[in-house]
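One letter stands for each residue in the lines below.
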Amino acid sequence: MRLFQRKGETQDHTYDGQQPAMKSSICTGETVAGFLDDGGKFQEVMLIAQESDLELFCRKYGVEKEKIRHIF
């Protein structure tokens, strides 16, 4: 993993065996995007505050919106 990136570069993330997911807090409504492994462990990657954040997550990690699982 690189510590510094140029603007516009995508971060390399291999999520073999992991499913893209969004996790929302029932209390606060805060939503984070990340990856869910086969054992059910969720790894947070980025905060989703608005639709453009979700679009960035999809572009950055090559994920389609329709394939993102929503968990609470």
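Throughout what follows, the structure given in this document is the object of discussion. Computed from a predicted model, the values in this text were never measured in an experiment.

Next up on the list: the environment of Phe42. Of note, Phe42 is situated in strand S3 (residues 42–48). Residue class for Phe42 comes out buried when judged on its relative accessible area of 15%. Linking Phe42 and Gln19, residues 23 residues apart in sequence, is a C-alpha distance of 9.4 Å. With residues near it in sequence (within four places) discarded, Phe42 still touches Ala21, Lys23, Val32, Ala33, Gly34, Phe35, Leu36 and Ile71.

Here Leu36 lies in strand S2 (residues 31–36). Look at Leu36 and you get buried, because its relative accessible area is 9%. Considering only alpha carbons, one finds Leu36 and Ala21, 15 residues apart in sequence, at a separation of 6.2 Å. Not counting the four nearest positions on each side in its chain, Leu36 is found in contact with Gly17, Gln18, Gln19, Ala21, Lys41, Phe42, Arg69 and Ile71.

If you trace the four strands from one edge of the open sheet to the other, you get S3-S2-S1-S4, paired in mixed fashion. The open sheet has two edge strands, S3 and strand S4 (69–71), and neither has a second partner. Taking the axes of each pair of neighbouring strands and ignoring which way they run, one obtains an average angle of 30° across the sheet. Alignment of S2 against S3, held across six bridges, turns out to be antiparallel. When the sheet's bridge partners are listed, Gly34 is paired in S3 with Glu44. The strands touched by helix H1 (residues 51–61) within the sheet are strand S1 (19–24), S2 and S3, with S3 carrying the most contacts at an inclination of about 130°.

Calculation rules
Residues numbered from 1 in each chain as written. Predicted model: local features only at pLDDT ≥ 70, side-chain atom pairs only at ≥ 80, totals over all residues. Heavy atoms only, no water. Helix = DSSP H or I, 4+ residues; strand = E, 2+ residues; numbered from the N terminus. Buried < 20%, exposed > 50% of the residue type's maximum accessible area, 1.4 Å probe, protein only. Contact = heavy atoms within 4.5 Å. Pairing = 2+ DSSP bridges. Axes fitted to C-alpha atoms, helices over the stretch in contact; angles between N-to-C directions.

Nothing here speaks to function; it is geometry throughout.
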